[in-house]
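Tertiary structure, described
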Amino acid sequence: MKKIIPQATINRLPLYHRTLKQVAQLGQNIISSNELGRLLELTPEQIRKDLIFFGQFGMKGLGYYVDELAAHIEKILGLQHHWRLAIIGMNDLGKALASYPDFLEMGFYIGALFDTDKSLVGTEFNNMRIYNFSNIKNIAPRKLLDIAVITVPAEEAQRAADRAIDAGLKGIWNFAPIKLEVPMGISLVEEDLTFGLSTLSYRLAQRSK
């Protein structure tokens, strides 16, 4: 029977990975759950509870070997696969994501850029050609694309996702402000850029009362 991992635990794994990488850059080889907890504002119990889902890590009374734990988390997250991204929608957000330097550091590659705007198709951005999105079915296998990054307007997002899935992409990272419908077997992550601002607005409003 497949072990069910809480979504909150999965969401914390990238935080652990990033922090371990930062600690390693400072030359630290071992870190305790107490110290890791202080850095992330989590209890050491929570950290140990999260990690136990994936195996036994570290040594009692000593802590975790930083590089070793980071490597384990990279494997758990599948970062060793070097996933190739297709950015669909070369608007300001699409360009910002295409320029984000940390993708490469995490093992994600920008495989292709797409748009439907005739003034953009055939031009280049960051030394990469912008393809006509209508051709994604032909381009996807050639570029070995895995994940569609959707930055198009809400009214175009479902159609963009459907076309990307039909082209063989197995993951959707959706930035459009609409909930997408995808078939079984397709991994979907939806980012609502207004959510964080709304939460921040709420906290500021509560403080002013």
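Here goes a summary of the coordinates provided. (Residues numbered from 1 in each chain as written. Predicted model: local features only at pLDDT ≥ 70, side-chain atom pairs only at ≥ 80, totals over all residues. Heavy atoms only, no water.)

Some words on the pattern of salt bridges
Summed over all chains, the structure comprises five salt bridges. Among the ionic pairs, arginine 12 bridges to aspartate 50, the shortest N-O distance being 2.6 Å. Residue arginine 12 is found in helix H1 (residues 7-25), and its partner aspartate 50 is found in helix H3 (residues 44-52); the two are separated by 38 residues along the sequence. Given a relative accessible area of 17%, arginine 12 falls into the buried group. Its salt-bridge partner being glutamate 190, residue lysine 179 comes within 3.6 Å of it at the nearest N-O pair. Placement of lysine 179 in the loop between strand S8 (171-174) and strand S9 (187-190) and of glutamate 190 in strand S9 is noted, with a sequence separation of eleven residues between them. (Salt bridge = Lys/Arg side-chain N within 4 Å of Asp/Glu carboxyl O. Helix = DSSP H or I, 4+ residues; strand = E, 2+ residues; numbered from the N terminus. Buried < 20%, exposed > 50% of the residue type's maximum accessible area, 1.4 Å probe, protein only.)

Things to note about a nonpolar patch on the surface
Side chains of Ile30, Met59, Leu62 and Tyr65 sit close together on the surface and give an oily, nonpolar patch of about 330 Å² of accessible area. The residue leucine 62 is located in the loop between H3 and strand S2 (64-65) in this model. On the basis of relative accessible area, leucine 62 is assigned to the partly exposed category, the value being 37%. (Patch = residues over 30% accessible without salt bridge, like charges linked within 9 Å, V, L, I, M, F, W, Y side chains within 5 Å. Areas by Shrake-Rupley, 256 points an atom, 1.4 Å probe, with all protein chains shown as cover.)

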